[in-house]
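# Overview (structure and organization)
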Amino acid sequence: MASGGVEPNISKYFANDPPSCFDSLTAGEEGLSQGAMAEAYLSYDYLASSSMDLQSQPNIPDGVRDLWQPPRRTAPGGLPPANLTMPGVSVATDLTDPVQDAVGLLVDASEAQQRKLLLPDNVTQDERGLRELIENGCFRSAVNLTARLLTIKQQGFGHAGHPVKHSPNSLQLWFTRLALLVKLGQYEIARVEAEPFGALSNPDVFYEFYHPDMHADRKGSMAPFSFRLLLAELPVYLGAPRVALDRLTDLLAVVHQIRCYFERTAGLPNGAVPHAQEAFGFWTARETRVLHSIVNCALAVKDFGLVEQLMERLAGAAANPQKRILLSAWGRMRLQCGDMAGAEKKFAEARRLKEEKASEVPDLIDRGLLAVAQNDFQSAFELFQKASAAAPSNTMLYNNMGVCLLYSGKLKEAIKLYEGAIERNTKACLNESLLVNLSTLYELESNHAKEKKIKLLKLVNRHRADLTVGLDVCLKLQTTV
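### Focus: the overall build of the chain
Check the secondary structure of the chain and you find 23 helices and zero strands. When each of the 481 residues of the chain is scored for burial, the buried share is 52%. Sequence separation of 24 or more characterises 66% of the internal contacts of the chain that already satisfy a separation of 6 or more. When the accessible surface of the chain is totalled, it reaches about 21,500 Å², and 51% of it is carbon and sulfur.

### Focus: helix α12 (residues 276-300)
For the α-helix, the turn length of 3.6 residues means that residues three or four positions removed from each other point alike. In a regular helix each residue adds 1.5 Å, so 25 residues correspond to 36 Å; α12 covers 36 Å between its end C-alpha atoms and thus fits that length. Within α12, 18 of the 25 residues are buried, which leaves it mostly tucked inside the rest of the structure. Backbone geometry just downstream of α12 places Lys302 in the positive-phi region, at approximately 60 degrees.

### As for the packing of helix α7 (residues 139-152) against helix α8 (residues 168-183)
It is at 9 Å that the axes of α7 and α8 come closest, and there the two elements cross at 150 degrees. For the element pair α7 / α8, the angle class is roughly antiparallel. Seen from above, α7 lies across α8 with left-handed handedness. Listed contacts from α8 to Phe139, Ala142, Val143, Thr146, Ala147, Leu149 and Leu150 of α7 are Ser170, Leu173, Trp174, Arg177, Leu180, Leu181 and Lys183. Among the residues making up the contact of α7 with α8, the classes are represented as ten nonpolar, two polar and two charged.

### Re a positive patch on the surface
Taken together, Arg351, Arg352, Arg367 and Lys386 make up a surface patch of like positive charges. Tracing the backbone shows Lys386 in helix α17 (residues 377-390).

### Quick word on the packing of helix α11 (residues 241-266) against α12
Packing of α11 against α12 brings their axes to within 8 Å, and their N-to-C directions diverge by 160 degrees. Relative to α12, the element α11 lies roughly antiparallel. Viewed along their axes, α11 and α12 form a crossing whose handedness is left-handed. Split into classes, the residues belonging to the contact of α11 with α12 amount to 20 nonpolar, six polar and four charged.

### Overview of the environment of Gln385
Examined against the element boundaries, Gln385 turns out to sit in helix α17. Counting along the chain gives twelve residues from Gln385 to Leu397, while the straight-line C-alpha distance between them is 7.5 Å.

### Considerations on unusual backbone geometry
Cis rather than trans, the peptide bond between Asn320 and Pro321 has omega equal to 5 degrees. Assignment of secondary structure puts Pro321 in the loop between α13 (304-317) and α14 (322-336). Unlike most non-glycine residues, Asp217 shows phi in positive territory, near 65 degrees. Note that Asp217 resides in the loop between α9 (187-194) and α10 (225-237). Of note in the backbone geometry, Asn375 takes a positive phi value of approximately 65 degrees without being a glycine. Tracing the sequence through the fold places Asn375 in the loop between α16 (361-373) and α17. Classification of Asn375 by relative accessible area gives exposed; the value is 58%.

### Things to note about the packing of aromatic side chains
Taken as a whole and judged by the stated rule, the model has eleven aromatic pairs. Relative to Phe262, the ring of Tyr261 lies with its centre 5.0 Å away and its plane at 65 degrees, an arrangement referred to as edge-to-face. Looking at Phe262, the relative accessible area reads 5%, which means it is buried. Among the aromatic side chains, those forming a connected cluster through ring pairs are Trp68, Phe225, Phe282 and Trp283. Sitting over the face of the ring of Trp283, Arg286 holds its NZ or CZ atom 4.6 Å from the ring centroid. Across from the ring centre of Trp330, 3.8 Å away, lies the NZ or CZ of Lys346, which sits over that ring.

### Concerning the nonpolar core
Core analysis: the biggest nonpolar cluster contains 81 residues, and Phe227, Trp283 and Val290 have the highest contact counts within it. At eleven residues, the largest contribution of residues to this core is made by α12. Apart from the residues within four sequence positions on either side, Val290 is in contact with Phe225, Leu229, Leu248, Leu251, Leu252 and Val255. Counting 51 residues, the second-largest nonpolar core is a separate cluster that includes Val103, Phe377, Leu397 and Leu475.

Basis of the calculations
Chains are numbered independently. Their residues run from 1 in the order of the written sequence. Reporting in this predicted model follows two pLDDT cut-offs: at least 70 for local features of residues, and 80 or more for side-chain atom pairs to be given and counted; totals over whole chains, interfaces and linings ignore these cut-offs and use all residues. Values reported for side chains reflect all heavy atoms of the structure, with hydrogen atoms and water molecules removed beforehand. The helix count covers DSSP runs of H or I at least four residues long, the strand count covers runs of E at least two residues long, and both are numbered beginning at the N terminus. To sort residues, take the accessible area from a 1.4 Å probe on protein chains only and compare it with the maximum for the residue type: under 20% means buried, over 50% means exposed, and anything in between is partly exposed. Contacts are residue-level and defined by heavy atoms, with any inter-residue pair within 4.5 Å sufficient. Per-residue accessibility takes into account occlusion by the displayed protein chains alone, with areas from the Shrake-Rupley method and a 1.4 Å probe. Expected span of a helix: the number of residues minus one, times 1.5 Å. A fitted line through C-alpha atoms represents every axis, and for helices the fit uses only the stretch in contact; the resulting angles, taken between N-to-C directions, go from 0 to 180 degrees. An angle below 35 degrees is treated as roughly parallel, one above 145 as roughly antiparallel, one from 65 to 115 as roughly perpendicular, and anything else as oblique. Crossing handedness: left-handed means the near helix sits turned counterclockwise from the far one by under a right angle, and right-handed means the same turn made clockwise. Charged means Asp, Glu, Lys or Arg here, nonpolar means Ala, Val, Leu, Ile, Met, Phe, Trp, Tyr, Cys or Pro, and polar covers whatever is left, Gly included. Patch definition: residues with relative accessible area over 30% and no salt bridge; like charges joined within 9 Å; nonpolar side chains (Val, Leu, Ile, Met, Phe, Trp, Tyr) joined within 5 Å. Only one rule defines a salt bridge in this text: a Lys or Arg side-chain nitrogen within 4 Å of an Asp or Glu carboxyl oxygen. Residues scored as positive are Lys and Arg, those scored as negative are Asp and Glu, and His as well as the terminal groups of each chain are ignored. In this description, the location of a charge corresponds to atom NZ of lysine, CZ of arginine, CG of aspartate or CD of glutamate. Under the pairing criterion, centres of Phe, Tyr and Trp rings, with the six-membered ring standing for Trp, must be within 6.5 Å; the plane angle then separates stacked pairs below 30 degrees from edge-to-face pairs above 60, leaving the rest tilted. Two thresholds decide whether a charge sits over a ring: the Lys NZ or Arg CZ must be within 6 Å of the ring centre and within 35 degrees of the ring normal. Nine residue types can take part in a nonpolar core, namely buried Ala, Val, Leu, Ile, Met, Phe, Trp, Tyr and Cys, and a core is a set of them joined through side-chain atoms within 4.5 Å.

As far as function goes, none of this settles anything; it's purely spatial.
Laid out in structure tokens, this is it:
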């Protein structure tokens, strides 16, 4: 999805980093990634946002942050195994690098050696090293490091089904591992390893299960809230969006109950409930986060009535600049449904909320998408081109322009545009969407597509860390012998 301008604090448009929450490289009529029509509108970056609660509101007390109703308290050792959380790494070997493997197979070993990625052995064997790998885009190495760290905690390969003591640190590790697996499209591994956690409702993932001295008498959930959201959404990736919708609805009920509690207490005399006002805002943000996920699920199951209901609720509660972006997203959802008049109405509402010094890029993109829906590809191209001039770092606009050129019958110009973008800004433009589009255009252009795609592969090998989409999709290259 093309994006630009200011982003909401919680929802992000992952234009340059597909696939994120529900994002996918959905093929259009010509096998192209069609940008805004193909992705989630209110997506959530688990990895970037796992520490957002702490960073954005560091003064929120642990008692507010961890608040969650534990099940009936039972002393340690008094639970049957069915009521304990007993996870374990499910694969005995490390994830390998498919790019380096493909270069070794399709080019040569010398070129494969040009790939320079951080490996687990290159960083400290702790959470700091894990952050370094993630920040450098070395997601497979990060997964492999989580396996090492979980093995130290007796939760590595072969340990599933064995009782273990949990801690905030171990549950954060599991959350990070599962989020990375989802990001890399390793959904089956994620499914198997997520299963023991259920809905994080077993007693042993709450502080109350352990002796008070172990965790300085903390109470509530040891697991980060983002972990609960990830587990609720996981069925979407496994082809079961209705299951995810049910889980998210259950999650929303609990979050709404907590938010309402703090809303009531915030109205009491000062000091009656410490930090009540801040806690109300904090849990309102979490409720909004869950609602965004439900909107995406509703889109996946084509429950457009629910989408409209929830977007009305979200937009009604939001203030600028978030409201402007929500209205824009709402318009794009209506475009997906084929409701051009409804989309135009929401885009107009978003434009009216533009603040004096705010970027015009979102409005240009909205108008461009509307022009695409009306088959006016020349006007759409000009609008995306203007947006790109104002926001040159938004590489997805090149995707939009390329698609417009193709549908205008200008195949060679589209290829030239993509190649020029990669030449000018190699690292940023070697993103999954642009790669899949350019590879598709090469196949449409000539019978010599494979040589050109291997040239792209060599660029990826030298300039990109991990791809989050398989090479069979991203470059349309078969890498099996």
